[in-house]
Amino acid sequence: MVTASVGLIESKLLKAAVFAAWGVLVVVMTVWERSRLAHLSGTRQRINPYWVGSFALYGVALAVGASETIGDLAYWLPASVIVALPMLIGALRERHA
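Residues numbered from 1 in each chain as written. Predicted model: local features only at pLDDT ≥ 70, side-chain atom pairs only at ≥ 80, totals over all residues. Heavy atoms only, no water.

Draft legend 1. Quick peek at the layout of surface pockets. Quantified by volume, the largest pocket comes out at close to 650 Å³. Lining the largest pocket we find 22 residues, and of these Met29, Glu33, Ile47, Trp51 and Met87 sit closest to its centre. Elements represented by at least two residues in the lining of the largest pocket include exactly helix H2 (12–35), helix H3 (43–65) and helix H4 (73–95). Ranked by residues supplied to the lining of the largest pocket, first place goes to H2 with eight residues. In terms of residue class, the lining of the largest pocket is made up of twelve nonpolar, five polar and five charged. Estimates place the volume of the second largest pocket at around 370 Å³. Lining the second largest pocket are 15 residues, and of these Met1, Val2, Thr3, Trp22 and Val83 lie nearest its centre. For the lining of the second largest pocket, the secondary structure elements donating two or more residues are helix H1 (2–8), H2, H3 and H4. Residue classes in the lining of the second largest pocket are distributed as twelve nonpolar, three polar and no charged. (1 Å grid on protein atoms, 1.4 Å probe; cavity = no way out; pocket = protein on both sides within 12 Å on 5 of 7 lines; lining within 4 Å. Points joined across faces, edges and corners; volume = space filled by probe spheres on them. Helix = DSSP H or I, 4+ residues; strand = E, 2+ residues; numbered from the N terminus. Nonpolar A, V, L, I, M, F, W, Y, C, P; charged D, E, K, R; others polar.)

Structure representation (structure tokens):
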């Protein structure tokens, strides 16, 4: 969602608001997750590669498409799906852990 929003929204103010809201969501979810008392052993070590993968793909999507493909739906929707794939794979694998 954030990847598609950054690429499809032309207003810099709205892009900044979407990105800031995403940042707040990440911080809130991180604090919530760390406050949980029960964890499966090794959960953090197992999920870190999925986070790193998503962040790396997000960086690539921004670097490749930030300047020349603003508003191009054919670039940003597939890019957002690709950025989400590591997290989806991680979620499915954790479900079976």
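Draft legend 2. Structural context of the nonpolar core. Judged by nonpolar contacts, Val2, Val6, Tyr58, Ala61, Ala79 and Val83 together constitute the single largest core of six residues. Secondary structure elements with two or more residues in this core: H1, H3 and H4. Those residues in contact with Val2 that sit more than four places away from it in its chain are Phe19, Trp22 and Tyr58. (Core = buried A, V, L, I, M, F, W, Y, C linked by side-chain atoms within 4.5 Å. Buried < 20%, exposed > 50% of the residue type's maximum accessible area, 1.4 Å probe, protein only. Contact = heavy atoms within 4.5 Å.)

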